[in-house]
Amino acid sequence: MVSAAEQMAANTSWAALGKATDLRNRILFTIGLLIVYRLGTFIPVPGIDTNALREFMESAGAGIGGMVSMFTGGALGRMGIFALGIMPYISASIIVQLLTSMVPALEQLKKEGEQGRKKINQYTRYGTVLLATAQSYGLAVSLESGELATDPGLYFRLACMITLIGGTMFLMWLGEQITNRGIGNGISLIIFVGIIAEVPSAIAQFFASGRSGALSPAVILAVMLMIVGIIMFVVFMERALRKIHIQYPRRQVGMKVYDGGSSHLPIKVNPAGVIPAIFASSLLLLPTTIATFSTGAATGPVMSWLLANFGPGQPLYLLFFVSMIAFFAYFYTFNVAFKPEDVADNLKNQNGFVPGIRPGAKTAEYLEYVVNRVLVLGSAYLAAVCLLPEILRGQLSIPVYFGGTSVLIVVSVTMDTIQQVQSHLLAHQYEGLIEKSQLRGRNKKRTRRGPARR
């Protein structure tokens, strides 16, 4: 039997988008801020020799790894003011979230409601400034070593650092504005737009390789089928759930006796989402970038080793990538996304229990056991989606935008944004959907007939 909520969702009409004024304004606001972000990627950092940078990118673009440009929307290749992208903020937010789960003072602060959340966000901004400062200094020094600065020296370093830090903080503000006043998650949408904006040139490069004979038609067809298969696989896995049966006993409230009911606790196969892939990629991002920009001068043994072993497609790169994905999948899930102890306490407070499992500590142990087993599949899915295209790209010289990480981010962000748009449409169409679902609405009044008079 179809529930009323499912009937209402089925009757949601996309044609009502034009009538939903608030939703339309949110979408236009989001698009406007994303256009501002794209324009900023073309504004260069002061003091950069653009001709030398263009020649350098043409010769070393493969070495720098398209992963860098993927997260910055091509700003790093043009050395724009958003060259650091949003990655310092993502890294800082994940670090603060992990510390919140491990440090009792921060965990208590998280439980204080809105004031605690504002304080944690403030710490995240401080962490973003620190990470952006360190990364911008390393990038400025690397640009000088690569002879890409017109006037190297202290002034160039300060100008480069201030510009890059300001660009990152501006992107952080844009993301927060999109989240609060627009539609979807702002930070995820910024990364999403950065990937999508570079896809046309990657596709043109891919087919140009086919026309030149570097790739055979069979390989091109196989790659296209592989991308479609990966997208279908990601959608399936992101919607996959492990349902745990929950039973509620009969209870008496006052003079009323409520019958016991049953429900289920949904556990996603991948509770951490794209966080493990993004964070693992960010850890591999900076060393390779600095090492690549430093190749123009005398490169030290450490930088030479990083460039030789941690480039895309290298065995150590792939091993570290997979290890970090698995580590963050478990660590982020048990410390942020799904805490078995908290879930068990909530079930106990609601008088719910898992059949055959005692409430409290035993339920927490059972939930931890189930999540551990589910995460084996979830982390393997993330590793496979991110690793397999990397291997094929290294062997077949496929553009990086066809990689698993980019597909995973694009599909996940698209699904989340569409879900939020549908939620706004559902709220806008609520009254009409009540009538279509044959539910009792405020305009549907029952008329009572009085007794017939004789």
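Calculation rules
- Residues numbered from 1 in each chain as written.
- Predicted model: local features only at pLDDT ≥ 70, side-chain atom pairs only at ≥ 80, totals over all residues.
- Heavy atoms only, no water.
- Helix = DSSP H or I, 4+ residues; strand = E, 2+ residues; numbered from the N terminus.
- Buried < 20%, exposed > 50% of the residue type's maximum accessible area, 1.4 Å probe, protein only.
- Areas by Shrake-Rupley, 256 points an atom, 1.4 Å probe, with all protein chains shown as cover.
- Contact = heavy atoms within 4.5 Å.
- Patch = residues over 30% accessible without salt bridge, like charges linked within 9 Å, V, L, I, M, F, W, Y side chains within 5 Å.
- Salt bridge = Lys/Arg side-chain N within 4 Å of Asp/Glu carboxyl O.
- Phe/Tyr/Trp six-rings, centres within 6.5 Å; stacked < 30°, edge-to-face > 60°.
- pLDDT = per-residue confidence, 0-100.
- 1 Å grid on protein atoms, 1.4 Å probe; cavity = no way out; pocket = protein on both sides within 12 Å on 5 of 7 lines; lining within 4 Å.
- Points joined across faces, edges and corners; volume = space filled by probe spheres on them.
- Nonpolar A, V, L, I, M, F, W, Y, C, P; charged D, E, K, R; others polar.
- Domains from an automatic or database assignment.
- Axes fitted to C-alpha atoms, helices over the stretch in contact; angles between N-to-C directions.
- Lys, Arg positive; Asp, Glu negative; His and termini not counted.
- Charge placed at Lys NZ, Arg CZ, Asp CG, Glu CD.

A. Spatial organisation of the overall build of the chain. A tally of helices and strands in the chain yields 18 helices and four strands. In the chain, buried positions account for 45% of the 454 residues. Surface accessibility of the chain: about 24300 Å² in total, with carbon and sulfur atoms responsible for 60%.

B. Region of the structure containing the side chain of T363. Take T363: it is sitting in helix α16 (residues 361-396). The contacts of T363, once residues within four sequence positions are left out, are A344, L347, V354, I357 and R358.

C. A look at a nonpolar patch on the surface. Together, L28, I31, I35 and L39 make up an exposed nonpolar region whose accessible area comes to about 400 Å². Within the fold, I35 resides in helix α2 (residues 21-40).

D. Up close: the packing of aromatic side chains. According to the stated counting rule, one finds six aromatic pairs in the structure shown. Measuring from ring centre to ring centre gives 5.1 Å for F327 and F328, while their planes differ by 70 degrees; the resulting arrangement is edge-to-face. Members of the aromatic cluster, connected to one another through ring pairs, are Y37, F82, F170 and W173.

E. Molecular detail of unusual backbone geometry. Look at N351: it is not a glycine, yet its phi comes out positive at around 60 degrees. Tracing the backbone through its elements, the reader meets N351 in the loop between α15 (340-349) and α16. The class of N351 is partly exposed, set by a relative accessible area of 44%.

F. Seen up close, the confidence of the model for the chain. For the chain, the mean per-residue pLDDT works out to 78, and 75% of the residues sit at or above 70. Per-element averaging of pLDDT across the chain places helix α1 (residues 4-10) at the bottom with 48 and helix α9 (residues 154-181) at the top with 91. Contacts for the low-pLDDT stretch residues 1-8, under 50 throughout, to residues beyond four places or in other chains number nine contacts.

G. Spotlight on the side chain of T124. Within the element layout of this structure, T124 appears in helix α8 (residues 114-145). The exposure class of T124 is buried, given its relative accessible area of 5%. Apart from the residues within four sequence positions on either side, T124 is in contact with Y89, A92, S93 and V96.

H. Structural view of the layout of surface pockets. Looking at the largest pocket, its volume works out to about 1800 Å³. Together, 44 residues line the largest pocket, and N185, S188, I275, Y332 and D416 are the ones closest to its centre. Taken together, the elements giving at least two residues each to the lining of the largest pocket come down to α6 (87-102), α8, α9, α10 (186-211), α12 (275-293), α14 (315-337) and α17 (404-428). When its residues are assigned to classes, the lining of the largest pocket shows 18 nonpolar, 18 polar and eight charged. In this structure, the lining of the largest pocket is formed jointly by two domains, domain 1 (19-196) and domain 2 (215-434), each of which donates at least three residues.

I. Quick peek at the pattern of salt bridges. Applying the stated rule across the entire model yields four salt bridges. For R26, the salt bridge is made with D22, and the minimal N-O distance between the two is 3.4 Å. Taken together, the positions of R26 and D22, both in helix α2 and four residues apart, correspond to about one turn of that helix. According to the relative accessible area criterion, R26 is partly exposed, its value standing at 22%. As a salt-bridge pair, K268 and E238 come within 3.9 Å of each other at their nearest N and O atoms. Linking K268 in strand β4 (residues 261-268) with E238 in helix α11 (residues 217-238), this pair joins segments that are 30 residues apart in sequence. Look at K268 and you get partly exposed, because its relative accessible area is 34%. With a relative accessible area of 9%, E238 lands in the buried category.

J. Spatial organisation of the packing of α9 against α10. The interhelical angle for the contact between α9 and α10, taken along N-to-C directions, is 115 degrees, at an axis separation of 7 Å. For the pair formed by α9 and α10, the contact residues are L171, L174, G175, I178 and T179 on the first element and G186, I187, L189 and I190 on the second. Here the contact of α9 with α10 is built from residues that sort into six nonpolar, three polar and no charged.

K. Molecular detail of a negative patch on the surface. On the surface, E341, D342, D345, E365 and E368 cluster together into a patch of negative charge. Of all the secondary structure elements, the ones that give two or more residues to the negative patch are α15 and α16. If one sorts the elements of the negative patch by residue count, α15 sits on top with three residues. Mapped onto the elements, E341 comes out in helix α15.

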